[in-house]
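# An overview of the molecular structure
So the chains spell out like this:
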Amino acid sequence: GAASDHARDFTKGAPVALSVRGLYVDMPGEQLSGLDLDVYEGEILGVGGLAGQGKIGLPNGIMGIYPAEGKVTFFGGEIALNDPRSSLEKGMAMVSEDRRGVGLLLDQAIEDNIAFSAMQINGDFLRPAPFRLKNTGKIRETAQRMMKELDIRATSSQQWAGTLSGGNQQKVCIARALALNPKFLFVSEPTRGIDIGAKQLVIETLLRLNRDMKLTIVMVSSELLELKSICDRIAIVTEGKVSAILKPSDSNEEFGLAMSGISVKEESA
């Protein structure tokens, strides 16, 4: 079907953007217990699996939000685990599944939400020393540009983030990550809790970022159909490890077996 004809193969020739070896993540209910995975530059890699099997622990461990151990290299350089700045400073960004906890400052303007991480991590949007005051003009200009590019619907960039619809809130989270100018983006459960029209817009936004800005994307999602619709490969996480890496065109039966921890490919080999 048309949905599965889009998958591209980056495994031959593209550099490895992210290499994960023996990753353990202590995230309650989403532990990883020695996960190995390679992500190639330019691809959209999906990460699926049943709830509680550890898929959500992957971005949260690498980005330093939950305790982790193992070896993570990013374009050949090692990422220090348990240090949220390390991954951000090297060019990774994350859109969290926890929009209200990690994602948004609900009682702040859209523009301040968008500038927040770039200001903290890169010192962007600040006026020169000695005062380092926030450069409101530059923040506003960037926010307005991103609102246009991502089609964020609001009265102005000064509207509070908490007053937006779920889909627009999710796009503000994406805009905040993009303001860091990352080379690599984790998105975790990007369409959870938003209506169907907004889901489609968020998915199209991710596709465009990958195709036009050449952003390498790892998308963690419980929505298998969604992963199949845009990913080049899909890694299934079962009991804290990758149980299979499948193509979007593989059968639902193969996905079902991989999620239950039985790999068709191994048994027939």
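Let me sum up the structure you'll find in this document. (Residues numbered from 1 in each chain as written. Predicted model: local features only at pLDDT ≥ 70, side-chain atom pairs only at ≥ 80, totals over all residues. Heavy atoms only, no water.)

Taken in spatial order, the six strands line up as β6-β7-β8-β3-β9-β10 in an open sheet, and their pairing is mixed. Where the open sheet ends on each side, the last strands, each with one partner, are β6 (92-95) and β10 (241-246). Sheet twist, expressed as the average angle between the axes of neighbouring strands with direction ignored, equals 20 degrees. For strand β9 (residues 233-238) and β10, the ladder comprises five bridges, and the chain directions are antiparallel. (Pairing = 2+ DSSP bridges. Helix = DSSP H or I, 4+ residues; strand = E, 2+ residues; numbered from the N terminus. Axes fitted to C-alpha atoms, helices over the stretch in contact; angles between N-to-C directions.)

Here we come to the environment of M146. Looking at the secondary structure, you find M146 in helix α5 (residues 136-149). The sequence separation of M146 and L178 amounts to 32 residues, and the corresponding C-alpha distance is 8.9 Å. Discounting chain neighbours no more than four positions away, the residues touching M146 are I114, D151, I152, A175, L178 and A179. (Contact = heavy atoms within 4.5 Å.)

The strand order β2-β1-β4-β5 describes an open sheet built from four strands, whose pairing is antiparallel. Edge positions in the sheet fall to β2 (32-40) and β5 (77-78), since each of these pairs with one other strand and no more. Two elements, strand β4 (residues 68-74) and β5, share two bridges in a ladder whose sense is antiparallel. Looking at β5, one finds that F74 is bridged to G77.

This part covers the environment of N168. You can see N168 is positioned in helix α6 (residues 166-178). Each C-alpha atom of the pair N168 and L88 lies 24 Å from the other, and the pair is 80 residues apart in sequence. In this structure, N168 is in contact with D151, I152 and R153, ignoring residues within four places of it in sequence. Among the polar contacts listed, one links the side chain of N168 to the backbone nitrogen of R153, at a separation of 2.8 Å. Within polar-contact distance, the side chain of N168 engages the side chain of S165 at 3.0 Å. (Polar contact = N/O pair within 3.5 Å; in protein donor to acceptor, adjacent residues only side chain to side chain.)

Looking now at the packing of helix α4 (residues 110-122) against α5. Contact geometry of α4 with α5 gives a least axis separation of 9 Å together with a crossing angle of 105 degrees. Relative to α5, the element α4 is oriented roughly perpendicular. Along the contact surface, α4 presents I110, E111, D112, I114, A115 and M119, while α5 presents T136, I139, R140, A143, M146 and M147. (Parallel < 35°, antiparallel > 145°, perpendicular 65-115°, else oblique.)

In contact at an axis separation of 9 Å, α6 and helix α7 (residues 196-212) are set at 15 degrees when each is read in the N-to-C sense. Taken together, the axis directions place α6 and α7 in an arrangement best described as roughly parallel. As for how α6 packs across α7, the hand of that crossing is right-handed. Taking contact as the criterion, the partners of G167, Q170, K171, I174 and L178 in α6 are, on α7, A198, L201, V202, L206 and L209. Of the residues assigned to the contact of α6 with α7, the class counts are seven nonpolar, two polar and one charged. (Left-handed = near helix turned anticlockwise from the far one by under 90°. Nonpolar A, V, L, I, M, F, W, Y, C, P; charged D, E, K, R; others polar.)

Once that is clear, we can look at the nonpolar core. Most often, soluble globular proteins keep nonpolar side chains buried together rather than apart. Ranked by size, the top nonpolar core spans 47 residues in total, and within it I114, I174, L185, L206, I217 and M219 carry the most contacts. Counting residues per element, this core draws most heavily on α6, which supplies six residues. Apart from the residues within four sequence positions on either side, I114 is in contact with A143, M146, M147, V172, A175, R176 and A179. Judged by nonpolar contacts, the second largest core, of 29 residues, contains L18, F184, F186 and V220. (Core = buried A, V, L, I, M, F, W, Y, C linked by side-chain atoms within 4.5 Å. Buried < 20%, exposed > 50% of the residue type's maximum accessible area, 1.4 Å probe, protein only.)

Restricting attention to buried positions, one finds in helix α9 (residues 252-259) the residues E254, F255, A258 and M259. Take α9 and look down its axis: the buried residues cluster within an arc of 130 degrees, on one side only. Exposed residues lying more than 90 degrees from the buried face of α9 are N252 and E253. (Arc of directions from axis to C-beta.)

Bringing the pairing of β9 into the picture now. In terms of burial, β9 is a largely internal element, six of the six residues being buried. Because side chains alternate across β9, one face comprises the buried residues R233, A235 and V237, and the other comprises I234, I236 and T238, equally buried. As judged from the four bridges shared by strand β3 (residues 44-48) and β9, these two strands associate in the parallel manner. Residue pairing in the sheet places G48 in a bridge with I236 of β9. Here β9 folds back onto β10 in antiparallel fashion, the turn holding two residues, of which E239 has a positive phi close to 50 degrees.

For α7, which comprises 17 residues, the first-to-last C-alpha distance of 24 Å matches the rise-based estimate of 24 Å (1.5 Å per residue) to within 8%. Looking only at α7, the buried set comprises A198, K199, V202, I203, T205, L206, L209 and N210. End-on, the buried residues of α7 take up no more than an arc of 150 degrees, which puts them together on one face. Exposed positions of α7 whose direction lies more than 90 degrees from the buried face are I196 and D212. Residues of α7 that are buried in the fold lie against β3, α6, β7 (184-188), β8 (216-220) and α8 (224-230). Positive phi shows up at K214, right after α7, with a value of about 55 degrees. (Expected span 1.5 Å × (residues − 1).)

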